Amino acid sequence: MMENHFYDHFSSALVPSPKLILGYVSYLILMIIAVRTRWKEKPVFLREALSILAPLMFVLYLLGSYPFEIRTFYEIYPLLILLASPILGRLIGLDFFKEQFNCSSSLP
Amino acid sequence: MSRDKLFKAFHNLYWPIIIFITLLVCKFYLNGLQWEEPRLALSQLMDGTAYKPFVYRILVPTITKIAILVFPLPATLYASILIFAFLLGFIVCIRSFSSIFWKKAEINDFVGALSIPMLTPFMLTNRHVYDFSTLFLFSAGLMLMAQKKMGLFSYSLHTCLLKQRDNVVFISYFFVLFQAEFQEAYILEALILSSNYLHKHSRLNHVEIF
């Protein structure tokens, strides 16, 4: 089903340039802050799906991806965007929380 | 111009702007795409000689193959059109997904537009012909799950989960049955639903890692 790349994560030969690493780390920090802020007010479905998928995807990334091959996380990208948007939208004056439907329904 | 007028103007021109930006992103993406990458070249994917597990990612190669049979043009042209179509399809999908949770059109416009620049870091190191099809199918699957409109897939999944109560057997069954790329998205969804089922039937109501 997949190639094993676990040991590649400990190999210095496959590490990209420091600029690229810095870019990825900045992106990761931005996403964590945007997703984490006002977490409990965000739709339950998105929170549950991310909570279940993110650890699973991280394990799959460690086992089956090259170091920094973040395209592996395409599967959780829609969830990240939807969870980060309410915070990023505030930068241009959009109030997501005021316009939110009653999103108490969770995963089917 | 007031903020509301600006949002309204953006809403009116939304799709032309999105199509234009998607074309630009796609051009950037295709410039760095290696069509003849060793082990998973487009030609190898099309004739089934690519290495495992890449050979199972058949959606784009199969559509390309059929399109060439109907109207012979270069395979890379068809694959490029499909990459563009799946990227655009993803944006349509994420905007629609957003409308499940937020009612205002300007918010949904913003989510759709934001999904393009935020995607850039994902494209920097590796690019493959099947990336955007995965992104589109998984977004569509999640959206259908949120709307509880999973059709046959949902029905069979729930039947298995509720009646067999054996997730290991169920997941193995899916791994055996679904090897093609367009079904890989559903394997992960099966994992989400089965994990959720386990949590709901244990003492934890919600799993929260944050």
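Scroll up a little and you will see the structure.
None of the values given here were measured: they were computed from a predicted structure.

**A closer look at a nonpolar patch on the surface**
All names here are of chain B.
- On the surface, Ile 66, Leu 69, Val 70, Phe 71, Leu 73, Leu 77 and Ile 81 cluster together into a nonpolar patch covering about 730 Å² of accessible area.
- Only helix H4 (59-70) and helix H5 (75-101) provide two or more residues apiece to the nonpolar patch.
- The dominant element in the nonpolar patch, judged by the number of residues it contributes, is H4, at 3 residues.
- Looking at where Phe 71 falls in the secondary structure, it is placed in the loop between H4 and H5.

**Side note on the packing of aromatic side chains**
- By the definition in use, this model includes 18 aromatic pairs over all chains.
- With 6.5 Å between their ring centres and 25° between their planes, Phe 45 of chain A and Phe 101 of chain B make a pair best called stacked. With Phe 45 of chain A in helix H2 (residues 44-64) and Phe 101 of chain B in helix H5, the pair connects residues from two separate chains.
- Take Phe 45 of chain A: its relative accessible area is 2%, and that puts it in the buried class.
- Geometrically, the ring pair formed by Tyr 29 of chain B and Phe 132 of chain B is tilted, given 4.6 Å between the ring centres and 35° between the ring planes. Here Tyr 29 of chain B, found in helix H2 (residues 14-31), pairs with Phe 132 of chain B, found in helix H7 (residues 131-147); they are 103 residues apart in sequence, far enough to count as distant. Take Tyr 29 of chain B and Phe 132 of chain B: they sit in the same class, and that class is buried.
- By the ring-pair criterion, three or more aromatic residues cluster together here, those being Tyr 27, Tyr 74 and Tyr 77 of chain A together with Tyr 29, Phe 90, Phe 122 and Phe 132 of chain B.

**Re the interface of chain B and chain A**
- At the interface, 59 residues of chain B touch 56 residues of chain A.
- Buried area between chain B and chain A, summed over both chains or domains, comes out near 5,400 Å², and the portion from carbon and sulfur atoms is 73%.
- Here chain B and chain A share 1 salt bridge between them.
- One can count 7 residue pairs in polar contact (both at pLDDT 80 or more) joining chain B with chain A.
- When residues of the side of chain B that touches chain A are traced back to their parent elements, those giving at least two are helix H1 (3-12), H5, helix H6 (105-114), H7 and helix H10 (181-200) of chain B.
- Among the elements that make up the side of chain B that touches chain A, the one with the highest residue count is H7 of chain B (9 residues).
- Residues that form the side of chain B that touches chain A fall into these classes: 35 nonpolar, 14 polar and 10 charged.

Thresholds applied
- Residues numbered from 1 in each chain as written.
- Chains lettered and ligands numbered in written order.
- Predicted model: local features only at pLDDT ≥ 70, side-chain atom pairs only at ≥ 80, totals over all residues.
- Heavy atoms only, no water.
- Patch = residues over 30% accessible without salt bridge, like charges linked within 9 Å, V, L, I, M, F, W, Y side chains within 5 Å.
- Areas by Shrake-Rupley, 256 points an atom, 1.4 Å probe, with all protein chains shown as cover.
- Salt bridge = Lys/Arg side-chain N within 4 Å of Asp/Glu carboxyl O.
- Helix = DSSP H or I, 4+ residues; strand = E, 2+ residues; numbered from the N terminus.
- Phe/Tyr/Trp six-rings, centres within 6.5 Å; stacked < 30°, edge-to-face > 60°.
- Buried < 20%, exposed > 50% of the residue type's maximum accessible area, 1.4 Å probe, protein only.
- Contact = heavy atoms within 4.5 Å.
- Buried area = accessible area lost by both parts, 1.4 Å probe.
- Polar contact = N/O pair within 3.5 Å; in protein donor to acceptor, adjacent residues only side chain to side chain.
- Nonpolar A, V, L, I, M, F, W, Y, C, P; charged D, E, K, R; others polar.

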